Amino acid sequence: MEILKAAVIGDPISHSLSPQLHNFLLKQYKINGSYKAINLKKDEIYDFIASFQNDKNFRGFNVTIPYKEIFYKIAKEMNFIICESAESIKSINTVYKQENKVYVSNSDTFGFLENIKINFPEYINKKTALVYGSGGASRAVIYSLLKNNYRNIIIVNRTLSKAKEVAEHFTSLFPSKNIIINCYTDINKEILEDIDIFINTTSLGMKSNNDLIIDFKNQNLNKEILFYDIVYNPLMTKMLIDAQNNGNKILTGIGMLIYQAFEGFEKWFGVKPKLTPSQQKNISQILIDKLNKNS
Ligand code: ATR
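As the structure is a computational prediction, the values presented were derived from the model and not from experiment. (Residues numbered from 1 in each chain as written. Predicted model: local features only at pLDDT ≥ 70, side-chain atom pairs only at ≥ 80, totals over all residues. Heavy atoms only, no water.)

**Focus: the overall build of the chain**
Here comes step 1: The helix and strand inventory of the chain stands at eleven helices and twelve strands.
Here comes step 2: The globule rule puts the C-alpha radius of gyration for 295 residues at 19 Å, and the 19 Å found for the chain is close to it.
Here comes step 3: Judged by the C-alpha coordinates and their principal axes, the chain covers about 60 × 40 × 35 Å.
Here comes step 4: Counting over 295 residues, the chain shows a buried share of 51%. (Helix = DSSP H or I, 4+ residues; strand = E, 2+ residues; numbered from the N terminus. Rg over C-alpha atoms; globule rule 2.2 N^0.38 Å. Buried < 20%, exposed > 50% of the residue type's maximum accessible area, 1.4 Å probe, protein only.)

**Description of the sheet that holds strand β10 (residues 197-200)**
Within a sheet, adjacent strands bond to each other through the backbone by hydrogen bonds, running parallel or antiparallel.
Here comes step 1: Taken in spatial order, the six strands of this open sheet run β9-β8-β7-β10-β11-β12, and their pairing is parallel. Looking at which strands have only one partner, the edges of the open sheet turn out to be β9 (178-182) and β12 (249-251). Taken over all neighbouring pairs, the strand axes of this sheet differ in orientation by 20° on average, direction set aside.
Here comes step 2: Two elements, strand β7 (residues 128-132) and strand β8 (residues 152-156), share five bridges in a ladder whose sense is parallel. For L130, the partnering residue across the bridge sits in β8 and is I154.
Here comes step 3: Set on the sheet, helix α6 (residues 136-147) makes contact with β7, β8, β9 and β10; between it and β7 the angle comes to about 170°.
Here comes step 4: Set on the sheet, helix α7 (residues 160-173) makes contact with β8 and β9; between it and β9 the angle comes to about 175°. (Pairing = 2+ DSSP bridges. Axes fitted to C-alpha atoms, helices over the stretch in contact; angles between N-to-C directions. Contact = heavy atoms within 4.5 Å.)

**Considering the environment of F48**
Here comes step 1: Turning to its location among the elements, F48 is positioned in helix α2 (residues 45-54).
Here comes step 2: A relative accessible area of 7% places F48 in the buried class.
Here comes step 3: On a C-alpha basis, the gap between F48 and I9 in space is 9.5 Å, while along the polypeptide they are 39 residues apart.
Here comes step 4: Those residues in contact with F48, other than ones at most four positions away along the chain, are I9, I38, L40, F58 and F61.

**What about the site of the ligand?**
Here comes step 1: Taken together, 14 residues are adjacent to the ligand, and S134, A137, N157, R158 and T159 come closest.
Here comes step 2: In the environment of the ligand, an oxygen atom lies 3.2 Å from a nitrogen or oxygen atom belonging to the backbone of G136.
Here comes step 3: Residue R158 places a side-chain N or O atom 2.9 Å away from an oxygen atom belonging to the ligand.
Here comes step 4: Protein coverage of the free-state accessible area of the ligand, which is 650 Å², stands at 69%.
Here comes step 5: Here the shell around the ligand is built from residues that sort into four nonpolar, eight polar and two charged. (Near = heavy atom within 4 Å. Polar contact = N/O pair within 3.5 Å; in protein donor to acceptor, adjacent residues only side chain to side chain. Areas by Shrake-Rupley, 256 points an atom, 1.4 Å probe, with all protein chains shown as cover. Nonpolar A, V, L, I, M, F, W, Y, C, P; charged D, E, K, R; others polar.)

**What to know about the nonpolar core**
Grouped burial of nonpolar side chains is what soluble globular proteins tend to show.
Here comes step 1: Residues F112, L145, I153, F170, I199 and Y228 are the most contacted members of the largest nonpolar core, which totals 31 residues.
Here comes step 2: At the level of elements, α5 (108-119), β7, α6, β8, α7, β10 and β11 (226-229) are the ones that each hand at least two residues to this core.
Here comes step 3: Counting 26 residues, the second largest nonpolar core, distinct from the first, contains C83, I254, I258 and L275. (Core = buried A, V, L, I, M, F, W, Y, C linked by side-chain atoms within 4.5 Å.)

**Considerations on the pattern of salt bridges**
Here comes step 1: Overall, the coordinates contain nine salt bridges when judged by the stated rule.
Here comes step 2: Between K41 and D11 there is a salt bridge, and its shortest N-O distance comes to 2.9 Å. Highlighted residues: K41 in the loop between β2 (33-39) and α2 and D11 in the loop between β1 (4-10) and α1 (18-28), separated in sequence by 30 residues.
Here comes step 3: Take D11: its relative accessible area is 22%, and that puts it in the partly exposed class.
Here comes step 4: Overlapping salt bridges bring together K76, E87 and K90 as one network. (Salt bridge = Lys/Arg side-chain N within 4 Å of Asp/Glu carboxyl O.)

**With respect to the pairing of β7**
Here comes step 1: Taking burial as the measure, the five residues of β7 include five buried ones, the bulk of the element.
Here comes step 2: Neither face of β7 is open: one carries T128, L130 and Y132, the other A129 and V131, and all of them are buried.
Here comes step 3: With α6 bridging β7 and its parallel neighbour β8, the resulting β-α-β unit is right-handed.
Here comes step 4: Judged from the four bridges that link them, β7 and β10 form a sheet pairing that is parallel. Opposite A129, over in β10, you have I197 as the bridge partner. (Right-handed = clockwise from strand over helix to strand, strands pointing away.)

In structure tokens:
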């Protein structure tokens, strides 16, 4: 019987958790498939795409750092079909074939939102978000919020010009929404005053990086704000620990990582994953163990 193949490409790639995740799902659904991590240098990308196009069992792949934005340009150049999410955020993480055509999309948007839907569904219909950061991850987050009920987005970033660029981009895509920027000195009570959800999209808080510090203790911050960190290594960042100690609801990044994988899995292997809470706990633990082993 033929094996359906999928992969993730990046450089470096050994730290990727996607093989663990997809192999867990393949086992769960008893699918005769494989999912491999491939370390690819930039000058090998076109040969890799050709081998993908010529192999009918090679169903598709994920794209990760540092190729997500480069792949958007390649997709344009090669006339691949670019899904709305990827077009709006100009970054690709999922590639698949359908009827001899190559499609590219960005499933971080789905993963980000699904994590909220499953854990704090009441926050899907709120109105105001503060998005900290202005990189690729920030664009995926802002797009997801604007496609849903969020009307007001406050973008806070160290470099004002980048925040401005992101705000202008999304204002042109969603003219009826209210997108403002804020050049910060610190994340203080004033800018957190009227928000429903705070999302860290920067690398602050990641292992071996500086923490994102919010002074919860001395500011008497609103306890209704959901603090969402898309960083998942460590799972509990300093920001999340402090938010939790303050009595706020918190959301870690592991769910986003898990749910972003579902679109590719469905396109490549033909099954839409649906995890029970215990299966989700199981896969989260597998991923966390792998993270601990990596570090
Ligand atoms: P990604 O694609 O993962 O979002 P990126 O495009 O490199 O990564 O964006 C990184 C984001 O983290 C940016 O918003 C960056 O801020 P700048 O635009 O000012 O560079 C933010 N970031 C990274 N390190 C930071 C730090 N030490 N302090 C504050 N922001 C930081």
